[in-house]
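Here is what each chain is made of, one letter per residue.
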Amino acid sequence: MLKRLRWQLTLLYLFSSIILASLIGWGAYSLLNYYFQSANDQALKLKVGLALMEYGLPLPDDLEIVVSNAGFNISEFSPTTSITNPGLSEIDEDETLEEHRVELESSQADIYILPLLITGDLVTGLKTLPPNTAINFDAITSARTTGIDFRTINSLKGIPVRLFTYMIQGQESDQVFQAGRYLLEQQQVLQQLSRTMVIAGGLVTLIMGIASWLMAGRTIKPSQAAWDKQQLFISNASHELRAPLTLIHAGVELSLRKARDPELHGLLTDVLNDSDYMKKLIEDLLLLSRLDAHSLKIELQPIRLAEFIPDLTRQLRRLAENQNVAIDESIEPLSVMADPVRLKQVLLIITDNALRNSPCDNSVEIAVTPHGSNVDISVRDHGQGITLDDQEKVFDRFFKADDRSSPEYSGSGLGLSIAKGLIEAQNGHIRLDSSPGNGTTVVITLPAAHESG
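Residues numbered from 1 in each chain as written. Predicted model: local features only at pLDDT ≥ 70, side-chain atom pairs only at ≥ 80, totals over all residues. Heavy atoms only, no water.

**Some words on the overall build of the protein**
Here comes step 1: What the protein contains, in helices and strands, is 10 helices and 11 strands.
Here comes step 2: Burial statistics for the protein: of 453 residues in total, 38% are counted as buried.
Here comes step 3: Within the protein, contacts between residues separated by at least 24 positions form 66% of all contacts whose residues are at least 6 apart in sequence. (Helix = DSSP H or I, 4+ residues; strand = E, 2+ residues; numbered from the N terminus. Buried < 20%, exposed > 50% of the residue type's maximum accessible area, 1.4 Å probe, protein only. Contact = heavy atoms within 4.5 Å.)

**Quick word on the environment of L32**
Here comes step 1: Position of L32 relative to the elements: it lies in helix α1 (residues 3–54).
Here comes step 2: Given the relative accessible area of 24%, L32 is considered partly exposed.
Here comes step 3: For L32 and V189, which are 157 residues apart along the polypeptide, the C-alpha to C-alpha distance reads 9.4 Å.

**Examining the packing of aromatic side chains**
Here comes step 1: According to the stated counting rule, one finds 4 aromatic pairs in the structure shown.
Here comes step 2: Ring geometry for F150 against F164: centres 4.4 Å apart, planes inclined by 15°, an arrangement best described as stacked. Here the residue F150 occupies a position in strand β2 (residues 148–154), and F164 occupies one in strand β3 (residues 160–169), the gap between them amounting to 14 residues.
Here comes step 3: The buried category is assigned to F164, whose relative accessible area is 0%.
Here comes step 4: Taken together, the ring pairs in this structure connect F150, F164 and Y166 into an aromatic cluster. (Phe/Tyr/Trp six-rings, centres within 6.5 Å; stacked < 30°, edge-to-face > 60°.)

**Re the nonpolar core**
Here comes step 1: Counting 42 residues, the largest nonpolar core has L305, L343 and I444 as the members making the most contacts within it.
Here comes step 2: Top contributing element to this core by residue count: helix α8 (residues 340–356), with 7 residues.
Here comes step 3: For L343, the contacting residues outside a window of four places in its chain are I303, L305, F308, V336, A338, I423, Q426 and L446.
Here comes step 4: Counting 20 residues, the second-largest nonpolar core is a separate cluster that includes A43, A51, L59 and F177. (Core = buried A, V, L, I, M, F, W, Y, C linked by side-chain atoms within 4.5 Å.)

**Re the packing of helix α6 (residues 262–292) against helix α10 (residues 415–425)**
Here comes step 1: Contact geometry for α6 and α10: axes closest at 10 Å, N-to-C directions at 35°. When you trace α6 past α10, the crossing you get is left-handed. Along the contact surface, α6 presents D284, L287, L288 and L291, while α10 presents S417, I418, G421, L422 and A425.
Here comes step 2: For the contact of α6 with α10, a count of residues per class yields 6 nonpolar, 2 polar and 1 charged. (Axes fitted to C-alpha atoms, helices over the stretch in contact; angles between N-to-C directions. Left-handed = near helix turned anticlockwise from the far one by under 90°. Nonpolar A, V, L, I, M, F, W, Y, C, P; charged D, E, K, R; others polar.)

This is a description of form; function is not addressed.
Set out below in structure tokens:
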């Protein structure tokens, strides 16, 4: 079953499409915002340049280029007086200047301009501040250092304003022009664009999610077919092999009873042991096949570990005594939700491994402790331990780490794989902690059971 792989591929495709859509949306938003800011800055420069021409002030090269590019003929402006000093109050706007103002107001209606003294006060004789505007003294301070200052501020009513401050050095005193453009409409356009992109992004994500699921299905279809064939082969082969192995086992046992020659007796014993090993291997492969196909029947029920584990260890004490290894228990009165048959199988696998990997005159420790809403069952040995590289592979099928303390130990390398699959089928998980020379601890975590009464 490759459902997990399909989900992973779907999430990968979907995540990639979301990143791509986000980059496109962010790019569109950034480009529009950059366009607005560039247009605002040019418009503010134009406004200041035209104001300088109206007041008879010399036009710097940078502003002259902006005014010329906007299509205005500099020679058409005939100001009646020069405003190179605070005498700006003497301005007399004639009819020609008024016509220019009307033209400018129609194209730059949302821009205001404030002719200021270097102190930040309005030039004497001019009108008071336009409604909802204020002089920004920080911008004036910055302009005194660099000559110009661009910044975005909020008006008295919280409306965003793009502000351009330009300093003019006069013969008697310095003066400042401060021009601002209200950005409310532009902000509304950007907000509408953001809302549209969010809605469109949601629709695109939904469409891409469906497409990703279908695409992932097509991608893994050949692998799924091969996997199903492999599982079917393992299942059929295992079933087919069990019958002849049973016959071989029975025949060898019968021959072993009648054997009188010691050499023949030894050979038959080896054959019997090998047939037992093959039988167990076939049973393990069948179990793994059912786990892969999620067809293994699991019956969860409350299990009292204070009764369950001691009963299990009694069955292992003979093996422990043969190896001169003690089994120590530290079990709190806790219960777990698990399948008793499958949990016993897992604990037998883990404890058997611990006993076989423990040196003589040592011990294997089994402990039960609470872990939040779960329960931990740990089995610790004092063997050689497992290297860090091998720890990443111990749950792989047919993998054997070179950490055996008993030279006669042999196994298929399927035990921990089966244990991991059985524990996960019971809504738990299993982990391993080890280091060379410090033994190995296998920890099983299962949901705690809350028994009534």
